[in-house]
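If you want the building blocks of each chain, they are given just below.
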Amino acid sequence: MSLNLPASVSELLQRSQRLFPGVDWSDVALALAAGLLVYLALSAGVRLAVQRLQRFSARTRTRIDDGLAQVLARTSTPLLMLVGALVALGMLPLDDRWHGRVSQLWFAVVALQLGLWGQQAVGMVLRAHHEQQAPGTALSASGTLMGWGLRGLLWLVVLMAVLSNMGVDITAFVASLGIGGIAIALAVQNVLGDLFASLAIAVDKPFEVGDAITVGQVSGTVEKVGLKTTRIRSIGGEQVVMSNAELLRQTVANFKRLQTRRVVFNFGITYDATADQVAEVPGIVRGIVEADSALQFGRAHFKGFGESSLDFEVVYRVMDPSFEVYMDRQQAVNLALMRALKQRQIDFAFPTRTVNLVAPPGLGGLEPAPVAGP
C-alpha cells in the first residue's frame with residue numbers, strides 16, 4: 001500500500017533521508033520516546049531531590065543542605081530538554097560525524113549546567129559571608145564587585161572549555177583577546193580608570209554602602225558603588241553621582257567608623273573675676289562633664305589672657321559617635337555651665353574695647369567747639 005503524501009512532506013522526508021542515511025522512522029519514534037522519558041525522569045528527579053533537601057534543611061541548623069537545595073533548584077529546564085534530545089540522537093544509527101557533534105553537545109550542556117550551579121553557589125557564599133559580617137544590611141561594594149569578578153571568571157572558564165572541546169585554538173584566541181584588549185583599553189582610558197578605582201574601593205574599603213562620608217563639599221550616605229560611579233545621598237536629600245576615580249583623588253572622611261567623638265570648646269569670663277574665681281572654673285567644668293555618663297572628661301584649663309576675656313579650653317569625649325547625641329550633650333554642658341557660673345557671680349565675657357582720650361599738653365582739658373549761629 002502506498003501513501004499519497006503532499007509534496008512538501010515528501011520533500012522533507014527525502015531531505016531527512018539524505019541527512020540521516022539508514023535511519024528508519026520507527027527508530028526515530030523510539031528515540032523520541034526514550035528522550036521524552038529521560039527528560040521527564042530527570043525533571044521529576046530534580047524536583048524530588050529539591051523538595052527532600054528543603055524538608056531536611058528545615059530540621060537542621062546548618063546552611064550546607066540549604067545551599068545544596070538552592071543550587072540544585074538552579075537546574076535549567078531547557079538544558080534538561082536538550083539532554084533528552086541528545087539521548088534520542090544517541091539511540092539513532094548515525095555515522096561518526098554525527099556522533100562527534102553529539103559528543104560536543106554533551107560537553108557543552110554539562111559545562112553550561114555546571115556554570116549555572118557555580119553561579120548560584122558564588123552568590124550564596126557571598127551573601128552568607130556578608131550576613132555573618134553585617135546582618136540585615138545590603139551587600140557591600142566589595143562583595144558586589146567580587147561577585148561580578150568570580151562570575152565573570154567562571155563563565156570565561158566555561159567558554160574556554162567549550163571552545164577547546166569544539167576544536168578551537170584557545171592559544172590564538174587568548175592572544176587575539178589580548179591584542180583587542182589593549183586597543184579597547186586605549187579607547188576607554190577614563191572608563192577603565194573608574195573601573196580600577198572601583199576595584200580599589202572594593203579591596204581597600206575606605207567606605208561601604210550605608211556609610212556616612214564627607215568628600216570635598218559633599219556629605220551624605222553611600223547608596224551604591226558601581227563600576228564607574230558612586231551614588232551618595234546628601235544630607236540635603238539630593239543624590240550626588242561621583243566618578244570613582246575623582247572620588248578617590250579627594251580626602252574621604254568616614255563617620256560610620258567613628259567610635260567616640262572628641263570635643264574641644266572654648267569660653268571666656270570677664271576680667272573682673274578674681275584669681276580664686278578663675279581657679280575654681282576648671283573644677284566646675286570637670287564636675288559638669290563627669291556627671292554625664294555619656295561623656296568622658298579630658299581636661300579643662302585656664303588657657304590665657306584674651307583681648308577682652310580670660311580664656312578657658314575644655315576637652316572631653318562623647319562615647320556615642322552620633323552627631324545628634326554630641327549636640328545634645330554639648331547643649332546640656334553649656335546650660336549647666338551657665339547656671340553654675342551664674343550662681344558664683346562669674347560673668348561670661350563678650351567683645352569689649354575701652355578707649356582712653358588724653359588731652360594734649362597745655363590744654364588742660366577738652367572743650368566743645370563753639371557752634372556758629374545762623
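First things first, this report covers the structure right here in the doc. (Residues numbered from 1 in each chain as written. Predicted model: local features only at pLDDT ≥ 70, side-chain atom pairs only at ≥ 80, totals over all residues. Heavy atoms only, no water.)

**Examining the packing of helix α10 (residues 275–290) against helix α11 (residues 323–343)**
And then number 1: Contact pair α10 / α11: the axes reach a minimum separation of 10 Å and the direction vectors enclose 140°. The angle between α10 and α11 places the two elements in the oblique class. As α10 packs across α11, the resulting crossing turns out to be right-handed. For the pair formed by α10 and α11, the contact residues are Val 281, Ile 284, Val 285 and Ile 288 on the first element and Val 333, Ala 336, Leu 337, Ala 340 and Leu 341 on the second.
And then number 2: Across the contact of α10 with α11, the residue classes break down as nine nonpolar, no polar and no charged. (Axes fitted to C-alpha atoms, helices over the stretch in contact; angles between N-to-C directions. Helix = DSSP H or I, 4+ residues; strand = E, 2+ residues; numbered from the N terminus. Parallel < 35°, antiparallel > 145°, perpendicular 65-115°, else oblique. Left-handed = near helix turned anticlockwise from the far one by under 90°. Contact = heavy atoms within 4.5 Å. Nonpolar A, V, L, I, M, F, W, Y, C, P; charged D, E, K, R; others polar.)

**Re the sheet that holds strand β3 (residues 229–234)**
And then number 1: As summarised here, the arrangement of the five strands in space is β4-β3-β2-β1-β5, forming an open sheet in which the pairing is antiparallel. A strand with exactly one partner marks an edge of an open sheet, and here the two such strands are β4 (239–243) and β5 (252–254). Across this sheet, the average inter-strand angle for adjacent strands is 40°, counted without regard to direction.
And then number 2: Taken together, the five bridges between strand β2 (residues 218–225) and β3 define a ladder with antiparallel strand orientation. In the strand pairing of β3, Val 225 is matched with Thr 230. (Pairing = 2+ DSSP bridges.)

**Notes on the sheet that holds strand β7 (residues 295–305)**
Two strands in a sheet stick together by hydrogen bonds in their backbones, pointing the same way (parallel) or opposite ways (antiparallel).
And then number 1: The sheet built from three strands is open, its strands ordered β6-β8-β7 with antiparallel pairing. At either margin of the open sheet sits one strand with a lone partner, and together these are β6 (261–269) and β7. With strand direction ignored, the average angle separating the axes of adjacent strands in the sheet is 20°.
And then number 2: One ladder, built from nine bridges, connects β6 with strand β8 (residues 310–318); its direction is antiparallel. Bridged to Asn 266 within β8 is Glu 313.
And then number 3: Sheet strands touched by α11: β6, β7 and β8. Its angle to β6, the strand with the most contacts, is close to 25°.

Function-wise, these values are silent; they only describe arrangement.
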